[in-house]
2 protein chains.
Amino acid sequence: MTKRIQQFLNEQKPATPCVVIDLDVIKNNYGSMRTHLPLAQVFYAVKANPAPEVVNLLVNEGSSFDVASVPEVDLCLSQGANPDNISFGNTIKKEPHIAYAYSKGIRLFAFDSEEELLKISRAAPGSKVYCRILVENEGAQWPLSRKFGCEVEMAEDLLCQARELGLVPYGVSFHVGSQQTDLSQWDVAMTRVASLFMTLQERGIELTAINLGGGFPAHYIEHVEEMPAYADAVMRAIVGHFGNRLPKLMIEPGRSMVGDSGVLQAEVVLVSRKSNDDCKRWVYLDAGKFNGLAETLDEAITYRVTTSRDGEETEPVILAGPTCDSVDVIYEKKEYSLPLGLKAGDLVQFHSTGAYTTSYASVNFNGFEPIKAYCI
Amino acid sequence: MTKRIQQFLNEQKPATPCVVIDLDVIKNNYGSMRTHLPLAQVFYAVKANPAPEVVNLLVNEGSSFDVASVPEVDLCLSQGANPDNISFGNTIKKEPHIAYAYSKGIRLFAFDSEEELLKISRAAPGSKVYCRILVENEGAQWPLSRKFGCEVEMAEDLLCQARELGLVPYGVSFHVGSQQTDLSQWDVAMTRVASLFMTLQERGIELTAINLGGGFPAHYIEHVEEMPAYADAVMRAIVGHFGNRLPKLMIEPGRSMVGDSGVLQAEVVLVSRKSNDDCKRWVYLDAGKFNGLAETLDEAITYRVTTSRDGEETEPVILAGPTCDSVDVIYEKKEYSLPLGLKAGDLVQFHSTGAYTTSYASVNFNGFEPIKAYCI
């Protein structure tokens, strides 16, 4: 926890549950990405944390933006982003939404299918388009389904078709999976990308850019390599396949940009056992899967947890949220050991909760309000 | 789809995605429960659909209410519910929230642990309390975890302690699991309940009520028995164990009260294949797991689906939502076969979506608004 967040929690004592975002951490992360991957243009994945303060900070730092929807377009523009620095990265867009973005000056669009390409050609004529291809997600803690991307052979045909439709076949994108811990995955993906660049060259198309997507990690319980190691792996993969004729590089960090900037503070509502000889306590908090901790689904993301009683003797617990939904169990398989003295009213912190927490919260499930966020 | 919903969709052509709730269906369901289980007091589980119009209708019909939180208390009171007809059924409550409900006249509280009992004794002195016990959930399509309830032996001790604390040991509750399809499960549960009634009698405590919880179904793809069959199973189980000295009965229908009242209408955003020889199309809609279809998580609930092209030749599809999150796939394992002609702009309806849809929606994940609801 940063000193600034610590101080804010101590002095303001905000009502729980809440997320506190330290904007300085995001500023540092942006700087670190620029330092270690100087060749890459950074498109912040707004969906990770769409707080206006976060977008505003990154506009001022010079970042570009990857948006998923019209409201995210409007958000970036309202915070001063230049439409030239916005990529409409969702491969699933309604045609009127493409037209809207185009009317606002956006000229860079993702696609992975013929129907989407036709929509873009009609609603955003002459724009640059990049095709997302399918790659494996081995090693990712939040692996992706086959929902996005198409096979390389199809991408080749579609990028040729893009040219015929008067669009600019700009590049290729892929995503190695969120919170990717296997650094060799970028090389695996780059093999496909390089072969696609080559076959398209044979068909008279020079692609300009590779969009490396996201996948860089935040710091949860499991050890991860730091940004320089990821940057090395990425650059080695690219240079290995492209030598010194490097394409433009785009990255779309979300989790790695904002994840470590946040602390979610919750209050213990109840500590109980299910029987007189139950060896594991249940610790129920006022935050759960439906108001901030959605990524604990299937215990995929394991946050670091601290409490106001750290230092006291601990025992294993099951952590659960406050709703009447039995799915709202935070950690049951993953063993968390918390102080024996923990009781209603005590405070619990989930660290590195700056990404995919606030905007994931439900409107009012069980009557509980969405979680409050403070950007400091 | 009811005629009223059909007419509303045809005439109003509301923007998608949206849920349309036919209040007449809910009125009929309430009537049917009263007819088939005349001995049971109906506590509508507000969390299933907290639309004020739904609560208001049920107040007028004479229903009681099962609430999960202070906002749900306020909602019921604002719609005219009598505090005597409200049960605070969440076993995880902050003490100030218990005190608030008590100050509003609520005198019936659930618990399943000593700490909760102590909170209730301090914040709601003299109230009636019922203890939730753990039962098996075999046969349930949305089975519950061990999150709620305690073992029978602990319940026995806690109900004795309740009396010592000046509370009224009112009864026992259990939940056989949501969308329970095995009717014998009520008998299994009742065996535990009856033994608890007996042992407490030996300790000088006469419990008043059994809260049978929910578990009655809505109509999804799988065949389910109708309300009379459930009512029969429940009454047979109770009479089998209690003879003609029947305790008071409470039921907490949520899904079975409102599920069948709703139709969620979505629009096709994109239809694509991942490769030129892909045998399954991907159909992307403007509704998904984060804006209305949360219960398709792990494909637990399989809604009936119709389209504006029904009657045309069909082929298997994968159904997915509009966000950039790869988890946002609606149905992939469960085979849905939809018209071959389906394309962007066509309409798709998910039936029996009156429960656990609107309030589950995320605040603004990926920038997408929560789903709109219309009660007619």
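Keep in mind the model is a prediction, meaning the values are calculated, not measured.

> What's the story with the domain arrangement of chain A in this structure? I'm lost.
Quite often, the size of an interface is put as the accessible area lost when its parts meet. All names here are of chain A. Entries for chain A in the domain assignment read domain 1 (50-253) and domain 2 (260-375). Put simply, the middle of domain 1 and the middle of domain 2, counted by C-alpha atoms, are 34 Å apart. With 11 residues of domain 1 in contact, the opposing surface of domain 2 contributes 14 residues. Summed over both sides, the interface of domain 1 with domain 2 buries roughly 1,200 Å², with 61% coming from carbon and sulfur. At the junction of domain 1 and domain 2, the tally comes to 5 residue pairs in polar contact (both at pLDDT 80 or more). Counting residues per element, the ones that place at least two in the side of domain 1 that touches domain 2 are helix 3 (52-61) and strand 7 (140-142). Its residues placed into classes, the side of domain 1 that touches domain 2 shows 7 nonpolar, 2 polar and 2 charged.

> What exactly am I supposed to notice about the UniProt feature "modified residue: N6-(pyridoxal phosphate)lysine" (unreviewed entry) in chain A here?
When the UniProt feature table is mapped onto this chain numbering, "modified residue: N6-(pyridoxal phosphate)lysine" (unreviewed entry) sits at A:Lys47. The topology assignment puts A:Lys47 in the loop between strand 2 (40-45) and helix 3. Ignoring anything within four residues of it in the chain, the contact list for A:Lys47 reads A:Asp66, A:Glu72, A:Tyr356, A:Ser359, B:Cys324, B:Phe365 and B:Asn366.

> Please explain the pairing of strand 12 (residues 262-272) of chain B as it appears in this structure.
Walk down a regular strand and you will see the side chains alternate between the two sheet faces. Residue and element names in this part refer to chain B. Summarising burial for strand 12: 10 of the 11 residues are buried, a large majority. Pairing between strand 1 (residues 18-21) and strand 12: 4 bridges, direction antiparallel. Residue pairing in the sheet places valine 19 in a bridge with leucine 264 of strand 12. For strand 12 and strand 17 (residues 347-351), the ladder comprises 5 bridges, and the chain directions are antiparallel. Across the sheet, residue glutamine 265 finds its bridge partner in strand 17, namely glutamine 349. Bridge analysis of strand 12 against strand 13 (residues 281-285) gives 4 bridges, and the strand direction is antiparallel. Bridge pairing links valine 268 to leucine 285 in strand 13.

> What am I meant to see in the interface of chain B and chain A here?
Between chain B and chain A, the contact holds 69 residues from the first and 69 residues from the second. With both sides pooled, the region where chain B packs onto chain A buries about 5,500 Å², and carbon together with sulfur makes up 59% of that total. The interface formed by chain B and chain A includes 6 salt bridges. Between B:Asp112 and A:Lys274 there is a salt bridge, and its shortest N-O distance comes to 3.7 Å. Inspection of the region where chain B meets chain A yields 36 residue pairs in polar contact (both at pLDDT 80 or more). Secondary structure elements with two or more residues in the side of chain B that touches chain A: helix 4 (70-78), helix 6 (114-123), helix 7 (152-164), strand 12 and strand 13 of chain B. The element best represented in the side of chain B that touches chain A is strand 12 of chain B, accounting for 5 residues. Per-class residue counts for the side of chain B that touches chain A are 31 nonpolar, 19 polar and 19 charged.

The rules behind these values
- Residues numbered from 1 in each chain as written.
- Chains lettered and ligands numbered in written order.
- Predicted model: local features only at pLDDT ≥ 70, side-chain atom pairs only at ≥ 80, totals over all residues.
- Heavy atoms only, no water.
- Domains from an automatic or database assignment.
- Contact = heavy atoms within 4.5 Å.
- Buried area = accessible area lost by both parts, 1.4 Å probe.
- Polar contact = N/O pair within 3.5 Å; in protein donor to acceptor, adjacent residues only side chain to side chain.
- Helix = DSSP H or I, 4+ residues; strand = E, 2+ residues; numbered from the N terminus.
- Nonpolar A, V, L, I, M, F, W, Y, C, P; charged D, E, K, R; others polar.
- UniProt positions renumbered as here; feature names shortened; annotations may be inferred.
- Buried < 20%, exposed > 50% of the residue type's maximum accessible area, 1.4 Å probe, protein only.
- Pairing = 2+ DSSP bridges.
- Salt bridge = Lys/Arg side-chain N within 4 Å of Asp/Glu carboxyl O.

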